[in-house]
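# Observations on the model geometry
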Amino acid sequence: MSGRLSGRRAIVTGAGSGIGAAVALRLRADGARVFTADLQGEVDFRADLTEPDANARLVAAACQAMGGLDTLVPCAGISAFHPLEAHDDAYFLRVLEVNLVAVFRLVREAAPHLKGHGAGRIVTIGSTTSSFGDEGLCAYSASKHAVLGFTKSVAAELGPFGVTATCVQPGAIDTPMTAPAFEQMPEYKVFWENKAPLRRLGRPEDIADVIAFLCSDDARFVSGHGLWVDGGAMARH
Ligand code: NAP
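First, a word on scope: everything that follows refers to the structure included in this document. (Residues numbered from 1 in each chain as written. Predicted model: local features only at pLDDT ≥ 70, side-chain atom pairs only at ≥ 80, totals over all residues. Heavy atoms only, no water.)

### Remarks on the sheet that holds strand S6 (residues 163-170)
Stated formally: Each pair of strands is called paired provided DSSP finds at least two bridges between the two strands. Think of it this way: any DSSP run of H or I at least four residues long counts as a helix, any run of E at least two long counts as a strand, and we number them from the N terminus.
Ordered by their spatial adjacency, seven strands build an open sheet running S3-S2-S1-S4-S5-S6-S7, and the pairing between neighbours is parallel. Each of the sheet's edge strands pairs with one partner strand only, and the pair in question is strand S3 (45-46) and strand S7 (225-229).

Pasting the structure below:
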């Protein structure tokens, strides 16, 4: 298939749902081959990516299926609202394991493959809470701040090998992750709809389209960058 990502071979995690599913669709529409991973659902590789060897197995399976790898979009993530004093150690560590440690392991395992091409791409998923905090989101915000910092360091380290690393920071996006919170706290949904100057929640496609750009040759000189994709919400006081 021809397209601006023709010839690219990508891993997308969290591809069974929400943003990851939209990213897989969009990259394919642009001509990329995509190897999908998630805990469950219609994906190529099903695993809990916090298992210590899961990311190494994922990279090996993807390289075998596609004959190599140049693009990485780790979208798997978890979030839930917990007041600080309700965060037990296990929950806090679980959020860091899924949202940060699994991303670190995937990037580490994929790096030797991405370095070979002169056009390697890593697009991590941060959040507006990579730059700000929010009530009830201590663990999540800590993990997403860390993902942004991690991405900047990866950009510094892998840049000399032709690999870019960027961090997309979505605002409030209508996905299965946010649906329970919006159902339980309708005022929270209205808050985010009104905070964005574009006056709506984001859709998974809003994020996927930006990620496809960052994976493409058009973004060849963009690296080490966190990019809010939030309808302008964070620009407003
Ligand atoms: P989603 O619809 O819940 O998708 C996340 C996917 O990751 C789910 O399929 C989930 O599986 C999977 N996953 C969770 N833990 C995993 C694990 N240990 N191993 C493998 N897969 C795992 O959520 P989303 O809204 O699309 O979120 C995608 C990314 O965007 C996340 O990193 C999230 O933090 C980020 N983000 C989302 C928003 C938003 O407003 N939605 C805003 C900012 C950033 P299960 O469903 O089976 O748990």
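### Digging into the environment of Glu193
The line we're drawing: Throughout, a residue-residue contact means that at least one pair of heavy atoms, one from each residue, lies within 4.5 Å.
Position of Glu193 among the secondary structure elements: in helix H6 (residues 186-195). If we ignore the near neighbours within four places in the chain, the residues touching Glu193 are Arg199, Arg200 and Leu201.

### What about the packing of aromatic side chains?
In this description, an aromatic ring pair is defined by two values, namely the gap between the centres and the angle between the planes. Quick reminder of the rule: Any Phe, Tyr or Trp ring, taking Trp's six-membered ring, that has another such ring centre within 6.5 Å forms a pair; planes under 30 degrees apart are called stacked, those over 60 apart edge-to-face, and the others tilted. A 1.4 Å probe rolled over the protein chains alone gives each residue an accessible area, and that area as a share of the maximum for its type sets the label: buried under 20%, exposed over 50%, partly exposed in between. Either the NZ atom of lysine or the CZ atom of arginine qualifies as a charge over a ring when it sits within 6 Å of the ring centre and within 35 degrees of the ring normal.
For the structure on display, the rule yields six aromatic pairs. Relative to Phe150, the ring of Phe104 lies with its centre 6.4 Å away and its plane at 85 degrees, an arrangement referred to as edge-to-face. Of this pair, Phe104 sits in helix H3 (residues 89-114) while Phe150 sits in helix H4 (residues 138-158), placing them 46 residues apart in sequence. For the ring pair Phe191 and Trp192, a centre distance of 5.6 Å and an interplane angle of 85 degrees mean the geometry is edge-to-face. Assessed through its relative accessible area of 8%, Trp192 is described here as buried. An aromatic cluster is built from Phe81, Phe182, Tyr188, Phe191 and Trp192, whose rings are joined through pairwise contacts. Between the NZ or CZ atom of Lys115 and the centre of the ring of Phe161, over which it lies, the distance is 4.2 Å.

### What to know about the site of the ligand
Spelled out, the test is: Near residues are defined by distance, with any heavy atom within 4 Å of the molecule or strand qualifying the residue. In protein, a polar contact requires one atom able to donate a hydrogen and another able to accept it; more generally it is a pair of N or O atoms within 3.5 Å, and residues adjacent in sequence count only if both atoms are side-chain atoms. Throughout, the Shrake-Rupley method with a 1.4 Å probe supplies accessible areas, and for residues the shown protein chains are the sole cover considered. With a 1 Å grid laid over protein atoms only, a set of points is called a cavity when a 1.4 Å probe fits there but cannot get out and a pocket when it is open yet has protein on both sides within 12 Å along at least five of seven lines; lining residues have an atom within 4 Å of a point. Think of it this way: if more than half of a molecule's atoms are within 2 Å of a pocket's grid points, that molecule is in the pocket or cavity.
Taken together, the neighbourhood of the ligand is formed by 30 residues, with Ser17, Asp38, Gln40, Tyr140 and Thr175 sitting nearest. Lys144 is positioned with one of its side-chain polar atoms (N or O) 3.0 Å from an oxygen atom of the ligand. About the coverage of the ligand: the protein hides 90% of its 890 Å² of free accessible area. Using a 2 Å cut-off from the grid points, one finds that the ligand occupies the largest pocket. Elements with a contribution of two residues or more to the shell around the ligand: helix H1 (18-29), H3 and H4.

### Quick word on helix H2 (residues 54-66)
Because an α-helix completes one turn every 3.6 residues, residues spaced three or four positions apart along the sequence face the same direction. To keep things clear, this is the line we draw: Expected span of a helix, by definition, is 1.5 Å for each gap between consecutive residues, and there is one gap fewer than residues. Here the arc refers to the directions that run from the helix axis out to each C-beta atom.
Relative to the 18 Å expected for 13 residues at 1.5 Å per residue, H2 spans 18 Å between its end C-alpha atoms, a close match to the ideal helical length. Where H2 is concerned, the buried positions are Ala54, Asn55, Leu58, Val59, Ala62, Cys63 and Met66. Angular distribution of buried residues about the axis of H2 spans 160 degrees; they occupy a single face of the element. Directly after H2, the chain includes Gly67, whose backbone phi takes a positive value near 80 degrees.

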